[in-house]
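Coordinate inspection notes
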Amino acid sequence: MAPYAPRGVHGRTVETLARRVLHGQLPEGATLDLPALRRELGISLTVLRESLKVLAAKGMVDARQKRGTFVRPRADWNLLDADVLRWQCTAGPGAPAALLRDLAEVRAVVGPAVARLAAERRTDADLTALETALTEMAGTTGTAVGPARSAGAGAAFHRALLAATRNELLERMGPVVVPGPVGAPHPADPVPGHRAVLDAVRAGDRDAAERAMRALLGAR
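Residues numbered from 1 in each chain as written. Predicted model: local features only at pLDDT ≥ 70, side-chain atom pairs only at ≥ 80, totals over all residues. Heavy atoms only, no water.

Moving on, we come to the packing of helix α6 (residues 124-140) against helix α10 (residues 191-203). The relative placement of two packed helices is expressed as an angle between their axes plus a distance between the axes. α10 packs onto α6 with a crossing angle of 165° between their chain directions and a minimal axis gap of 10 Å. Considered as vectors, α6 and α10 are oriented roughly antiparallel to each other. For the pair α6 and α10, the sense of crossing is left-handed. Touching Leu127, Leu130, Glu131, Leu134, Met137 and Ala138 of α6 are Val191, His194, Arg195, Leu198, Val201 and Arg202, all from α10. (Axes fitted to C-alpha atoms, helices over the stretch in contact; angles between N-to-C directions. Helix = DSSP H or I, 4+ residues; strand = E, 2+ residues; numbered from the N terminus. Parallel < 35°, antiparallel > 145°, perpendicular 65-115°, else oblique. Left-handed = near helix turned anticlockwise from the far one by under 90°. Contact = heavy atoms within 4.5 Å.)

Encoded structure:
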């Protein structure tokens, strides 16, 4: 699912409700008092219902006859969703650290395999996309536009690497595998590590690509 764009009253309502669920202010199994929420937030019932549909699509809430709208168990939530990952960063003092640990472990498992497959299956178009992202990264590292654009270029590099695997399911793991706002920062100069991955992928050397990705992830 594409990340939700938090715009306007609808967007603010989605963000508010999501964070309350993740903070535990609306605990698992709790039935939501829709009239009370509507009055508290100063919104229409239509806005509230449409906002809850966004959370329902992410597995966080559901509605049943006679029970009403309720918070689903955490085991049902789509924890790989980009918005759910982002919302967890504000879900309490320990949440970001735990989330970063979990993300780092998933990337350590998946990342090297992605690089290996990319080295085997990449096309010229994939190499161009990787080179473009790396050029952007090199042009922003250590400059005034710095971290944000460099991180964006890094995300573009990893998305291109995922695309190069020709594996649709791996591509869907982008929110978890691709470094983003909830990820650990790049090292001071991220270019050499990414260049090593690209060189190995370009050469079609699967073992070297896997080693380069392990080294890159270890540098974070």
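Tallied over the full model, the rule gives 0 aromatic pairs. Lying over the aromatic face of Phe70, Arg67 brings its terminal NZ or CZ to 3.7 Å of the ring centre. (Phe/Tyr/Trp six-rings, centres within 6.5 Å; stacked < 30°, edge-to-face > 60°. Lys NZ or Arg CZ within 6 Å of the ring centre and 35° of its normal.)

Bridging between strand β1 (residues 61-64) and strand β2 (residues 68-71) involves 4 bridges; their strand directions are antiparallel. Residue pairing across strands places Val61 opposite Val71, the latter belonging to β2. Counted between consecutive antiparallel strands, the loop separating β1 from β2 contains 3 residues, among which Lys66 sits at a positive phi close to 75°. (Pairing = 2+ DSSP bridges.)

Here we come to the nonpolar core. Grouped together as the largest cluster of nonpolar side chains are 30 residues, with contacts concentrated most on Leu130, Phe157, Leu161, Val197 and Val201. Elements with a contribution of two residues or more to this core: α5 (95-121), α6, α7 (146-164), α10 and α11 (206-218). Considering each element in turn, this core owes the most residues, 7 residues, to α7. Within the second largest apolar cluster, 20 residues are counted, among which are Val14, Leu34, Val71 and Trp87. (Core = buried A, V, L, I, M, F, W, Y, C linked by side-chain atoms within 4.5 Å. Buried < 20%, exposed > 50% of the residue type's maximum accessible area, 1.4 Å probe, protein only.)

A separate point is the environment of Arg12. Along the chain, the position of Arg12 falls in helix α1 (residues 8-23). Look at Arg12 and you get exposed, because its relative accessible area is 52%. For Arg12 and Ser51, which are 39 residues apart along the polypeptide, the C-alpha to C-alpha distance reads 9.0 Å.

Along the chain, Asp83 falls in helix α4 (residues 82-88). Assessed through its relative accessible area of 2%, Asp83 is described here as buried. At a separation of 3.0 Å, a polar atom in the side chain of Asp83 contacts the side chain of Lys58. At 3.0 Å, the side chain of Asp83 forms a polar contact with the side chain of Arg86. (Polar contact = N/O pair within 3.5 Å; in protein donor to acceptor, adjacent residues only side chain to side chain.)

A few words now on α6. A turn of α-helix holds 3.6 residues, and therefore any two residues three or four places apart point the same way. With 17 residues, α6 ought to run about 24 Å at 1.5 Å a step, and its terminal C-alpha atoms sit 25 Å apart, in line with that. Among all positions of α6, only Asp126, Leu127, Leu130, Ala133, Leu134, Met137 and Thr140 are buried. Along α6, the residues classed as buried sweep out an arc of 165° about the axis, all on the same side. What points out from α6, more than 90 degrees from its buried face, is the exposed set Asp124, Ala125 and Gly139. (Expected span 1.5 Å × (residues − 1). Arc of directions from axis to C-beta.)

Under the 1.5 Å per step criterion, the end-to-end length of α11 is 18 Å for 13 residues, consistent within 8% with the ideal 18 Å. Among the residues of α11, those classed as buried are Ala208, Ala209, Ala212, Met213 and Leu216. In an axial view of α11, the angular spread of the buried residues amounts to 135°, which keeps them on one side of the axis. In this structure, α11 carries Arg211, Ala215 and Gly218 as exposed residues pointing more than 90 degrees from its buried face. Between a side-chain oxygen at the N-terminus of α11 and the backbone nitrogen of Asp207 the separation is 3.3 Å; the capping residue is Asp205.

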